[in-house]
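Descriptive structure summary
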Amino acid sequence: MASFATDVKNEIARLPRGEDCCARAELAALLRMGATITLGRDHTFGLEYQVENAAVARRTLVLLREVHAGLPAEVTVARNRRLRKKNSYAIAIPPSSSTTELLEELGFLQGGSLNIEGDAKVLRSACCRAAYLRGAFLGGGSVNRPEADYHLELVTGSYSFGKLLRTLMRRLDFPVGFVDRKESYVIYLKEGDAVVDFLAIIGAEEAVEAFEVARNVKEVREQVNRIVNCETANLQKAIDAAGRQLDDIQYIEEHLGLEALSKREQEAAQVRLENPESNLAELAALIHLSKPALAHRMKKLHDLAEMLRQKEE
Ligand SMILES: [Zn+2]
């Protein structure tokens, strides 16, 4: 069974790529999540990128072609022989002057040297931020399925890129957490609204819908639980009250005898003895009495029992 995160990636990998600036931003973030820059002769640079998800590999190739046509990208599939391990796709673009141009365009190189500090250049336009986050999710994102605890994360091996993502998400008002996990850096969201907003921003509409359905189910379940708890509490109260009344009546029977009671009190005692599990309203209905009237008789029985108990001491 594919994970929910894979479903989300498959969904957003099919989206139209958007404006040129946005395609560049998405590709930049995707590659920043895990691509390696290789060195060639004559100060040229190349690129290697390994991904597990076929849709993400395809998306990467499409974006590469759109951002910089004519790059000689090679894809090799590494079949994983181990059980349940997925294949992975290695995209390699050999070092060349046009690859170097691409890297300049994406902001990875500045004046011939590596720029690890950030992508201010590709993030100049507001429209690109969504595309950038989509790229980051495609490259290293994960999200729990909607029925589980809310959790969405972006994992990168680069501290400075992790910080950049955190800054960007903070600017978009996301309550983002940041943690160092075994040489990788995790930017995460833990609140339901934030997770759904993030998925909406990156264009994962089907995922957003799945969250809304699950949230409704959760709310209904909570409501049902509240009602059941409330009914259980009421039931317990009725059982406790009936138990006290039975104690009183038995005490009177043993220490005074029920025949000493008035006709009305006898009637009340009798109906309780015959229906030990009924609540007061049910008992009152059985002897065609109002509930307050029966409650009054029970109170008198209780007072009498208490009096007898005191005398006994
Ligand atoms: Zn844009």
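Residues numbered from 1 in each chain as written. Predicted model: local features only at pLDDT ≥ 70, side-chain atom pairs only at ≥ 80, totals over all residues. Heavy atoms only, no water.

As for the overall build of the protein chain
Within the protein chain, the secondary structure is distributed over eleven helices and ten strands. Its C-alpha atoms give the protein chain a radius of gyration of 36 Å, clearly above 20 Å, the size a compact globule of 313 residues would have. Each of the three principal axes of the protein chain carries a C-alpha extent, and together these read 115 × 40 × 35 Å. Looking at the protein chain residue by residue over its 313 residues, the buried ones come to 42%. (Helix = DSSP H or I, 4+ residues; strand = E, 2+ residues; numbered from the N terminus. Rg over C-alpha atoms; globule rule 2.2 N^0.38 Å. Buried < 20%, exposed > 50% of the residue type's maximum accessible area, 1.4 Å probe, protein only.)

Examining the nonpolar core
Ranked by internal contacts, the top residues of the largest apolar core, which has 64 residues, are Tyr-132, Phe-198 and Leu-199. Considering every element that reaches this core, the biggest residue donor is helix α2 (residues 20-32), with eight residues. Those residues in contact with Leu-199, other than ones at most four positions away along the chain, are Val-8, Leu-152, Ala-204, Ala-207, Val-208 and Phe-211. If you look at the next biggest cluster of nonpolar residues, it comprises 18 residues, including Tyr-251, Val-271, Ala-284 and Met-298. (Core = buried A, V, L, I, M, F, W, Y, C linked by side-chain atoms within 4.5 Å. Contact = heavy atoms within 4.5 Å.)

Focus on the coordination of the zinc ion
Here the zinc ion is held by Cys-21 (SG), Cys-22 (SG), Cys-127 (SG) and Cys-128 (SG), and the distances to it run 2.3 to 2.4 Å. Relative to the metal, the four donor atoms surrounding the zinc ion lie at angles of 99 to 122 degrees, and the coordination shape comes out tetrahedral. (Donors = N, O, S within 2.8 Å, 3.2 Å for Na, K, Ca; no water. Tetrahedral: all angles 85-135°; square planar, octahedral: opposite > 155°, others 65-115°.)

Here we look at helix α1 (residues 4-13)
With respect to burial, α1 is a largely interior element, eight of its ten residues being buried. Among all positions of α1, only Phe-4, Ala-5, Thr-6, Val-8, Lys-9, Glu-11, Ile-12 and Ala-13 are buried.

A word on the packing of helix α9 (residues 263-274) against helix α11 (residues 291-312)
For the pair α9 and α11, interaxial distance at closest approach is 9 Å and the crossing angle is 95 degrees. As summarised for this structure, α9 and α11 are arranged roughly perpendicular, according to the angle between their axes. Residues Arg-264, Glu-265, Glu-267, Ala-268, Ala-269 and Arg-272 of α9 form the contact with α11, whose participating residues are Leu-294, Arg-297, Met-298, Lys-300 and Leu-301. For the contact of α9 with α11, the per-class residue count stands at five nonpolar, no polar and six charged. (Axes fitted to C-alpha atoms, helices over the stretch in contact; angles between N-to-C directions. Parallel < 35°, antiparallel > 145°, perpendicular 65-115°, else oblique. Nonpolar A, V, L, I, M, F, W, Y, C, P; charged D, E, K, R; others polar.)

As for the sheet that holds strand β4 (residues 88-96)
One open sheet accounts for four strands, arranged β1-β2-β4-β3; its pairing is antiparallel. This sheet does not close on itself; its edge strands, each paired only once, are β1 (36-39) and β3 (74-78). Adjacent strand axes in the sheet meet at a mean angle of 20 degrees, parallel and antiparallel pairs treated alike. Across five bridges, β3 lies against β4 in antiparallel orientation. Its bridge partner lying in β4, Ala-78 is registered against Ser-88. (Pairing = 2+ DSSP bridges.)

What to know about the domain arrangement of the protein chain
Assigned domains within the protein chain: domain 1 (4-203) and domain 2 (218-312). The C-alpha centroid of domain 2 is placed 70 Å from the C-alpha centroid of domain 1. (Domains from an automatic or database assignment.)

Focus on the pattern of salt bridges
Under the criterion given, the structure shown has 13 salt bridges. Residue Glu-306 is joined to Arg-309 by a salt bridge in which the shortest nitrogen-to-oxygen separation is 2.7 Å. Of the two residues, Glu-306 and Arg-309 are both situated in helix α11; the distance of three residues between them amounts to about one turn of the helix. Exposure remark for Glu-306: the relative accessible area of 32% places this residue in the partly exposed category. A residue is classified by how much of its surface remains accessible, and Arg-309, at 22% relative accessible area, is partly exposed. One salt-bridge network, held together by shared partners, links Arg-17, Asp-20 and Glu-66. (Salt bridge = Lys/Arg side-chain N within 4 Å of Asp/Glu carboxyl O.)

Some words on the pairing of strand β10 (residues 184-189)
Burial runs high along β10: five of the six residues are buried. With five bridges joining them, strand β8 (residues 152-156) and β10 adopt antiparallel strand pairing. When the sheet's bridge partners are listed, Thr-156 is paired in β10 with Tyr-185. By the bridge criterion, five bridges tie strand β9 (residues 177-181) to β10 in an arrangement that is antiparallel. When the bridges of β10 are listed, Phe-178 appears paired with Ile-187. Counting the residues in the hairpin turn of β9 and β10 gives two residues, including Lys-182, whose phi is positive at 45 degrees.

Let's talk about the packing of α1 against helix α3 (residues 54-67)
It is at 9 Å that the axes of α1 and α3 come closest, and there the two elements cross at 30 degrees. Our classification of the angle between α1 and α3 gives roughly parallel. The handedness of the crossing between α1 and α3 is left-handed. Of α3, the residues touching α1 (which contributes Lys-9, Asn-10, Ile-12 and Ala-13) are Ala-55, Val-56 and Arg-59. For the contact of α1 with α3, the class distribution of residues is four nonpolar, one polar and two charged. (Left-handed = near helix turned anticlockwise from the far one by under 90°.)

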